Amino acid sequence: VLATGVDIKTKQAGDDMILYLPKEAPDPIASVVVLAVSGTLNVETITLKQTAGGKIVLPADMVELNNKAYTFSEHAILEGKAGSRNISNWVSMSTWVQWTFMVTTPGTFEVVAELANASPESKVSIESGKSKMPVTIGTTGDASKYKELSLGNVTYDKAGAQGMILIPVKGWNPVNLRHIILKP
């Protein structure tokens, strides 16, 4: 219900609820939508899902940055515009990145990362499920020159909530990361 007392039209579309809001906000400064729900609300926090074609896209926009560096200047950051954001300033071995996502069709996936690496190489461990995979990331020639590089394969045996973590290991050098695509 809007502040004006007008009900908002809604439509169920699969797992999503679509709200049809008016073109003009009722209040030019702050408009509030109150959603009244009858019964128990079951909220699913996982937003990244496997596509109909089987791919799983893990964008920088949806990463969980775990900055454990000692100084703020060593913290990895998310920068850029929506749709082309990247993880940059990932200089500390104490920082790792992770995503949570939903697998609907289990199987083995090629891990393809769009990244930029100015160093001759950088080393990470990819952790998914119970497996840990050491990976050497080759150079792209420049910290702003992005390329898609295959990092290996991971297997998810079961449908449901899954995760992927990239942790720097000995031999780590800074990289900038736009996204990871898991390709069946």
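Residues numbered from 1 in each chain as written. Predicted model: local features only at pLDDT ≥ 70, side-chain atom pairs only at ≥ 80, totals over all residues. Heavy atoms only, no water.

Attention shifts here to the overall build of the protein. Looking only at helices and strands, one finds zero helices and 13 strands in the protein. The N-to-C order of helical and strand elements in the protein reads β-β-β-β-β-β-β-β-β-β-β-β-β. For the protein, the C-alpha radius of gyration of 20 Å lies well beyond 16 Å, the compact-globule estimate for 184 residues. By principal-axis analysis of the C-alpha atoms, the protein measures approximately 60 × 40 × 30 Å. (Helix = DSSP H or I, 4+ residues; strand = E, 2+ residues; numbered from the N terminus. Rg over C-alpha atoms; globule rule 2.2 N^0.38 Å.)

Across the 10 residues that make up strand β8 (residues 107-116), a large majority, seven, are buried. Bridge count between β8 and strand β11 (residues 147-156): nine bridges; the pairing is antiparallel. The residue bridging Gly107 from the neighbouring strand is Tyr156, located in β11. Looking at chain direction, β8 and strand β13 (residues 175-183) are connected through seven bridges and run antiparallel. Of the residues in β13, the one forming a bridge with Glu110 is Lys183. (Buried < 20%, exposed > 50% of the residue type's maximum accessible area, 1.4 Å probe, protein only. Pairing = 2+ DSSP bridges.)

By the definition in use, this model includes four salt bridges. A salt bridge links Glu127 to Lys132, with the shortest nitrogen-to-oxygen separation between them at 3.9 Å. (Salt bridge = Lys/Arg side-chain N within 4 Å of Asp/Glu carboxyl O.)

A separate point is the side chain of Ser92. Its location among the elements puts Ser92 in the loop between β6 (86-90) and β7 (96-103). Only 2.9 Å separates the side chain of Ser92 from the backbone nitrogen of Ser94, close enough to count as a polar contact. (Polar contact = N/O pair within 3.5 Å; in protein donor to acceptor, adjacent residues only side chain to side chain.)

The next thing to look at is the packing of aromatic side chains. A full pass over the atoms with the stated rule returns three aromatic pairs. Centroid distance Trp90 to Trp172: 4.7 Å. Interplanar angle 50°. Geometry classified as tilted. Taken as a pair, Trp90 in strand β6 and Trp172 in the loop between β12 (160-168) and β13 lie far apart in primary sequence, 82 residues in all. This pair shows no difference in class: Trp90 is buried, exactly as Trp172 is. (Phe/Tyr/Trp six-rings, centres within 6.5 Å; stacked < 30°, edge-to-face > 60°.)

This part covers the sheet that holds β7. Within a sheet, each strand pairs with its neighbour through backbone hydrogen bonds, oriented either parallel or antiparallel. Taken in spatial order, the five strands make up an open sheet running β4-β7-β12-β9-β10, and their pairing is antiparallel. Whereas interior strands pair on both sides, the edge strands pair on one side only; in this sheet they are β4 (64-66) and β10 (131-138). For this sheet, the mean angle separating the axes of adjacent strands, direction not counted, is 25°. Inspection of the sheet shows β4 paired to β7 by three bridges, in the antiparallel sense. Each bridged residue has a counterpart across the sheet, and for Asn66 the counterpart in β7 is Trp96. (Axes fitted to C-alpha atoms, helices over the stretch in contact; angles between N-to-C directions.)

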